[in-house]
Amino acid sequence: MRAKSGLYLFYLDVVRPVLKSGRGLFGLVVVVAMVFMATAGPSVIPLDIEIKPSMRWCLPSLEHPLGCDYLGRDLLSMVVHGSREVFLVPFIATLVGVVGGMSVGLLAGYIGGRARRALTAVTDIWLTIPSFPVIFILAYVLPKSPLTIALLLALFSWPGLARALAAEVSSLKSRDFIEVCINLRLGKLHVLFREIGPHLVPFVAYNFAALFVANMTSLIGIVLLGVAPLNPTNWGYLLNQMIFTYRGLLIPSGSIIIFILVSVFVVIKLGVVFFAQALEEVFNPRLRAYE
């Protein structure tokens, strides 16, 4: 009975808010498809490496759902096999950036005083640095590897979150229930992680999704411009070859194939953002429009 009750509560508190929201359901489908594509996808859909000149820029069909690329290869297989790097590198960068941003934000917001002013000053200076040009230059100079790119992306993923969290923690710290915990001497770790932390989960979850999307865009951008490791199945590399090497935009069918590839990327971005918005409704029932 307890197990059934627990599953029902899980359905009411987690599953139902996502399924009741059109955006949330769309985001859930996209996120599940992303996970499947990056993990099991390469095993299900074999990589098409055969060059078929007669199939160059072939439009979508039953045999080739997304069409064919500039060498006549199946675009769906290229997208699936490139998804692992396109998803994993931004995920690692976002994870490192969020952990760093949370550490700095929680510390600055809770301690306050000179420590907060110093950390805030460092964060503000970091925010003024143009991230993409710096990442572009460093990616060109440093050893070219996916881990290097992930760390470079993480280097500029933390300051915005840290700045916002510091302000949020500082605001929560002045609430009555936090002051009671402090007066009861429950300990800083208890106050931070048991009292303040749960209030920050929706904000951190949404920012994780937003940073993931931004890092994925940056990764594809620097590969598109030719300064990151050139994996032939990376979506940025495919766009680079389609646009600059094979002049796909000058060919009607080529323009359609490029539009399809870009559309896949846009749908994934929208799905991740919509899923994050649905998670906000899970953590904050007041946002649920259907209740």
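Scroll up for the structure.
Quick summary incoming for the structure in this document. For clarity, every value in this text was computed on a predicted model and none was experimentally measured. (Residues numbered from 1 in each chain as written. Predicted model: local features only at pLDDT ≥ 70, side-chain atom pairs only at ≥ 80, totals over all residues. Heavy atoms only, no water.)

1. A look at the packing of helix H5 (residues 113–128) against helix H8 (residues 159–173)
When two helices pack together, their arrangement is captured by the angle between the axes and the distance separating the axes. Inclusion rule: Note on definitions: angles span 0 to 180 degrees between N-to-C directions of axes, and those axes are lines fitted to C-alpha atoms, for helices only across the stretch in contact. Numbering of helices and strands runs from the N terminus, with a helix taken as a DSSP run of H or I at least four residues long and a strand as a DSSP run of E at least two residues long. Crossings are assigned a handedness: left-handed for a near helix turned anticlockwise from the far helix by less than a right angle, right-handed for a clockwise turn. Only heavy atoms enter the contact rule, under which two residues are in contact if any of them lie within 4.5 Å. Only Asp, Glu, Lys and Arg are considered charged, only Ala, Val, Leu, Ile, Met, Phe, Trp, Tyr, Cys and Pro nonpolar, and every remaining residue, Gly among them, polar.
Axis separation between H5 and H8 bottoms out at 9 Å; the angle between their running directions is 145 degrees. In the crossing of H5 with H8, the sense of the turn from one axis to the other is left-handed. Residues Arg-116, Thr-120, Thr-123, Asp-124, Trp-126 and Leu-127 of H5 form the contact with H8, whose own contacting residues are Pro-159, Gly-160, Ala-162, Arg-163, Ala-166, Ala-167 and Ser-170. Looking at the contact of H5 with H8, its residues break down into six nonpolar, four polar and three charged.

2. Structural notes on a nonpolar patch on the surface
The condition that has to hold: The patch calculation keeps residues exceeding 30% relative accessible area without a salt bridge and links them within 9 Å when they carry like charges or within 5 Å when they are nonpolar (Val, Leu, Ile, Met, Phe, Trp, Tyr). Note on areas: Shrake-Rupley with a 1.4 Å probe; residue coverage comes only from the protein chains shown. Criterion for a salt bridge: a side-chain nitrogen of Lys or Arg within 4 Å of a carboxyl oxygen of Asp or Glu. Buried means the residue's accessible area, taken with a 1.4 Å probe over protein chains only, is under 20% of the maximum for its type, while exposed means over 50%, and partly exposed covers the values in between.
A contiguous nonpolar patch, built from Leu-88, Phe-91, Ile-92, Leu-95, Val-96 and Val-99 and spanning about 480 Å² of accessible area, is present on the exposed surface. With respect to the helices, strands and loops of the structure, Leu-88 is situated in helix H4 (residues 75–111). The exposure class of Leu-88 is partly exposed, given its relative accessible area of 46%.

3. A short note on the packing of aromatic side chains
Let me state the cut-off plainly: The aromatic pairing rule takes the rings of Phe, Tyr and Trp, using the six-membered ring of Trp, and pairs them if the centres are within 6.5 Å, calling planes under 30 degrees apart stacked, those over 60 edge-to-face and the rest tilted.
One pass over the full model with this rule turns up seven aromatic pairs. Measuring from ring centre to ring centre gives 6.1 Å for Trp-126 and Trp-158, while their planes differ by 40 degrees; the resulting arrangement is tilted. Of this pair, Trp-126 sits in helix H5 while Trp-158 sits in the loop between helix H7 (146–155) and H8; the two residues are 32 residues apart in sequence, bridging distant segments of the chain. Among the aromatic side chains, those forming a connected cluster through ring pairs are Trp-57, Tyr-70 and Tyr-246.

4. Side note on the nonpolar core
Threshold: Residue types Ala, Val, Leu, Ile, Met, Phe, Trp, Tyr and Cys, when buried and joined through side-chain atoms within 4.5 Å, form a set referred to as a nonpolar core.
By size, the foremost hydrophobic cluster in this structure holds 48 residues, and its most contacted members are Phe-87, Ile-149, Met-216, Trp-235, Met-242 and Ile-268. Of all the elements in the fold, those that place two or more residues in this core are helix H2 (22–39), H4, helix H6 (131–141), H7, helix H10 (188–224), helix H11 (235–245) and helix H12 (252–283). Examining the composition of this core, we find that nine residues originate from one element, H10, more than from any other. Beyond its immediate chain neighbours, meaning those up to four positions away, Phe-87 contacts Met-34, Met-37, Ala-38, Phe-212, Met-216, Trp-235 and Ile-268. Grouped together as the second largest cluster of nonpolar side chains are 15 residues, Val-98, Cys-181, Leu-192 and Ile-196 included.

Structural measurements only, silent on function.
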